[in-house]
Amino acid sequence: MWIFGRKGESGFSSSSTAEEVTHGVDGSRLTAIVTGATSGIGAETARVLALRGVHVVMAVRNIKSGKQVRETILTETPIAKVDVMELDLSSQASVRDFATRYCSSGLPLYILINNAGVLAPHFTLSEEKIELHFATNHLGHFLLTNLLLETMKITSFEQKVEGRVVNVSSTGHHFVNKGTFSDQINDESSYSHIHAYGLSKLANILHANELARLLKEEGVNITVNSLHPGFIVTEIFRNFGIFKVLCNAILRHFVKDVSQGAATTCYLALNPKVKGVTGEYFSDSNLVKPSSNAMDPMLGKELWEFSLSLTTTK
């Protein structure tokens, strides 16, 4: 059990669960995409959103695992609306294919939860020859969001409902001292998985902030926020066997469980208390300050342009 449980201004704390922060919310009019929904906080996010009536589209790399999670959700909530669609965020071709299929489906899109993430112990390149953490955790979600944004804008305008984009970042963004991207991401000689992960998580926050600014300037009723879910031992540590065992054995009384880990994501996706709030960073379902790098607007603009250069088809 998470031991720090003092409530913040939202009325919630680190010990609040995803069900608690969405209690009483009717999401039956809404449709949401949740990436990485086959395990951990992604699966719990999908479950709780479906429980609140949201039509959930699970965007997952492993279809078989996705269908198993879907069946579990339907066993608990037989009337839940849950679909499973294939998406590999490390592949820009897969991202484009997913976006094309979704936009062609005719479904509206109110909520986009950019949740999926990797933590790899060894230097690895994506299909596009980009370091895997940056390619998956940031660029895949950056491209996905851009490709789905028009559908979100149309949905928000026609239904007169606020759209919400939620980026799951991490306090790991503090591991990065200098927020430069173009000269860091593919440097194998200085590779550290902790730094690479932190850089991608810093990018998640900067992406949310810059998109929030652009949408605000455009006058679009879509909010964009980022969050730290708390420390949870989930499948992201699948490649760190000894570390995962130690965490389960020693730290289980000091970390969040999955229901608590998904709380801030669900809070930002559904809770009416954050209506109109955009370009902010949350932890334990409360507003907090990220690192100074994460609040640097010039760095956000630089990252945006760099990301566009890496995701624009030649």
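Before any of the text, the structure's been laid out above.
Predicted model, so just to flag it, every value in this text is computed and none were measured. (Residues numbered from 1 in each chain as written. Predicted model: local features only at pLDDT ≥ 70, side-chain atom pairs only at ≥ 80, totals over all residues. Heavy atoms only, no water.)

Asks: Can you walk me through the nonpolar core in this structure?
Replies: As a rule of thumb, nonpolar side chains are buried together in soluble globular proteins. L49, V56, M58, I111 and L270 are the most contacted members of the largest nonpolar core, which totals 40 residues. Secondary structure elements with two or more residues in this core: α1 (18-21), β1 (31-35), α2 (40-51), β2 (55-60), α3 (63-76), β4 (111-114), β5 (163-168) and α9 (263-270). Dropping the residues within four chain positions of it, L49 is found in contact with A32, V34, V54, V56, I113, C266 and L270. Residues L144, L149, A208 and I222 belong to the second largest nonpolar core, which totals 28 residues. (Core = buried A, V, L, I, M, F, W, Y, C linked by side-chain atoms within 4.5 Å. Buried < 20%, exposed > 50% of the residue type's maximum accessible area, 1.4 Å probe, protein only. Helix = DSSP H or I, 4+ residues; strand = E, 2+ residues; numbered from the N terminus. Contact = heavy atoms within 4.5 Å.)

Asks: What's the story with the packing of aromatic side chains in this structure? I'm lost.
Replies: How two aromatic rings sit relative to each other is set out by the distance from centre to centre and by the angle between their planes. Inspection of every chain in the model, using the stated rule, returns seven aromatic pairs. A ring pair is formed by F12 and Y267, whose centres lie 5.8 Å apart and whose planes are at 75°; its orientation type is edge-to-face. Here F12, found in the segment before α1, pairs with Y267, found in helix α9; they are 255 residues apart in sequence, far enough to count as distant. Ring geometry for F98 versus Y102: centroids 6.3 Å apart, planes at 20°, classification stacked. Placement of both F98 and Y102 in helix α4 (residues 92-104) is noted, with a separation of four residues, approximately one turn of the helix. For the pair formed by F98 and Y102, the shared burial category is buried. (Phe/Tyr/Trp six-rings, centres within 6.5 Å; stacked < 30°, edge-to-face > 60°.)

Asks: It is not clear to me how α9 should be interpreted in this structure. Could you clarify?
Replies: Two residues of an α-helix separated by three or four positions point the same way, owing to the 3.6 residues in each turn. With eight of eight residues buried, α9 is to be regarded as a mostly interior element. Along α9, the residues classified as buried are A263, T264, T265, C266, Y267, L268, A269 and L270.

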